[in-house]
Amino acid sequence: MCYAIPGKVIGIDDDLVTVEYFGERKQAKNDFFDLRLGEYVYAQGGFVIQKISEEEALSILDAWKELFFKLQEIDSRLSAKPENLYQQANYLRQKYFGNSCCVHGIIEFSNYCRNDCLYCGLRKSNGKLKRYRMGIEEIIETADYAVNRLGFKALVFQSGEDPWYDTEKICELIRMIRKKCACLIILSIGEREERLYQEAYKAGARGVLLRFETSNPLWYEKFRPGHIWEERVELIRKLNSLGYLIMTGFLIGLPGQRKEDVEKDIDLTATLNPEMFSFGPFIPHPDTPLGTSLKPSLEWILEIIARTRIKYPYSRILVTTALETLDRRNGLRLGLLSGANSLMINLTPEKYRLLYEIYPERAGLDLTVEERINSVIKLLQSLGRAPTDLGRGG
Ligand code: 5AD
Ligand code: SF4
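Everything quoted here is computed from the prediction, not taken from an experiment.

Some words on the pattern of salt bridges
Working step 1: Considering all chains together, one arrives at 29 salt bridges under this definition.
Working step 2: A salt bridge links Lys259 to Glu303, with the shortest nitrogen-to-oxygen separation between them at 3.6 Å. Note that Lys259 is positioned in helix H8 (residues 259-271) and Glu303 in helix H9 (residues 298-311), a separation of 44 residues in sequence.
Working step 3: Look at Lys259 and you get partly exposed, because its relative accessible area is 41%.
Working step 4: The exposure class assigned to Glu303 is buried, which follows from its relative accessible area of 17%.
Working step 5: Ionic contacts of the salt-bridge type, sharing partners, join the residues Lys259, Glu263, Asp267, Glu303, Arg307 and Lys311 into one network.

Here is the structure:
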């Protein structure tokens, strides 16, 4: 199984190429390869991440062809009747992106964090949490397996804010991964120095997942003691100007948050030129100061996904694990039917996974990686979604 379908290069305009997938055209930026018309590539997040031979591409496309059109038909049928809010959002998702769905892998490589966010189980004052750090070699092995054995084309490398991984280590990691694995490298390592991000870009990272958490500066400073909201938002803008694809968003259901506050969160995300919206429910962790708060309802999260899609139809929207945790049976499916078109699969080695406890009882961790992949594929097929790149622009 692969998590992207190869496309044919049918146009080249400087570093921007047009890639065709079964008649559909998407744009992708080419930073890394010498490309000619007619060659075949994999793209992720609107970046060309691998060039493959025509022979290999045609055999993969042949295997996909029949299924691809069948999936398109299922998706068109499921999104045809825009009667309620969720269906309107699903209709727009289909209209703007067809049946494409991004499937990214995520590797959580360290649960150490120097910060003390009131909402997070990884906060440094949580003395009950057993901490781990994966070595550079171990992270590379995990990525190698994910890309070269399981077929992932985009990987998020996530950790608490852990300065043990300095600029040198992060860049070494990225360079080694680039050498072994054809994939889009996305960093989710918190508010680190600008220089680190500059060097990481040079080494080959192209995405950053960094939420601003809340559009309310006072709440931000209350929930993240010692941090300044403007600095966070400025860093996100800066990273975008360096060339990074930005995945950003906010927490829903923080104590005191009202519906109109979330509206501002959605709008702020949109101003940050996001490659992807990443927002999800706040789930209280008992070993944090917000441990006795209430979690938001599934319906509220679905409504926010739908409203985001309707207001910003050309956005890519992630179903977060936290949403899946609110409703293990239906969270992912309902998210994808309410306007979302992206998801992540947790690839953290089993011995560490339970320790990355941002919030308790995270969904999907009771399955092995292979079981989880199979269940996701089954779900995507039942919804008529295909793992093609969502493309650039919009
Ligand atoms: N519930 C849900 N999401 C959380 N995060 C941190 N703590 C929680 C929680 N209790 C999210 C934050 C952070 C991301 C890594 O995890 O939004 O940016
Ligand atoms: Fe650390 Fe991020 Fe958790 Fe804050 S939300 S404590 S920065 S891991």
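Examining the site of ligand 2
Working step 1: Lining the immediate surroundings of ligand 2 are Cys113, Asn115, Cys117, Tyr119, Cys120, Leu122, Arg123, Gly160 and Arg224.
Working step 2: Tallied by class, the residues present in the shell around ligand 2 amount to 5 nonpolar, 2 polar and 2 charged.

Comments concerning the packing of helix H4 (residues 167-180) against helix H5 (residues 194-203)
Working step 1: Contact pair H4 / H5: the axes reach a minimum separation of 9 Å and the direction vectors enclose 15°. Compared by their axis directions, H4 and H5 come out roughly parallel. Handedness of the crossing formed by H4 with H5: right-handed. Contact residues: H4 offers Thr167, Ile170, Cys171, Ile174, Arg175 and Arg178, while H5 offers Arg195, Leu196, Glu199, Ala200 and Ala203.
Working step 2: The residue inventory of the contact of H4 with H5, partitioned by class, reads 6 nonpolar, 1 polar and 4 charged.

Procedures and definitions
Residues numbered from 1 in each chain as written. Chains lettered and ligands numbered in written order. Predicted model: local features only at pLDDT ≥ 70, side-chain atom pairs only at ≥ 80, totals over all residues. Heavy atoms only, no water. Salt bridge = Lys/Arg side-chain N within 4 Å of Asp/Glu carboxyl O. Helix = DSSP H or I, 4+ residues; strand = E, 2+ residues; numbered from the N terminus. Buried < 20%, exposed > 50% of the residue type's maximum accessible area, 1.4 Å probe, protein only. Near = heavy atom within 4 Å. Nonpolar A, V, L, I, M, F, W, Y, C, P; charged D, E, K, R; others polar. Axes fitted to C-alpha atoms, helices over the stretch in contact; angles between N-to-C directions. Parallel < 35°, antiparallel > 145°, perpendicular 65-115°, else oblique. Left-handed = near helix turned anticlockwise from the far one by under 90°. Contact = heavy atoms within 4.5 Å.

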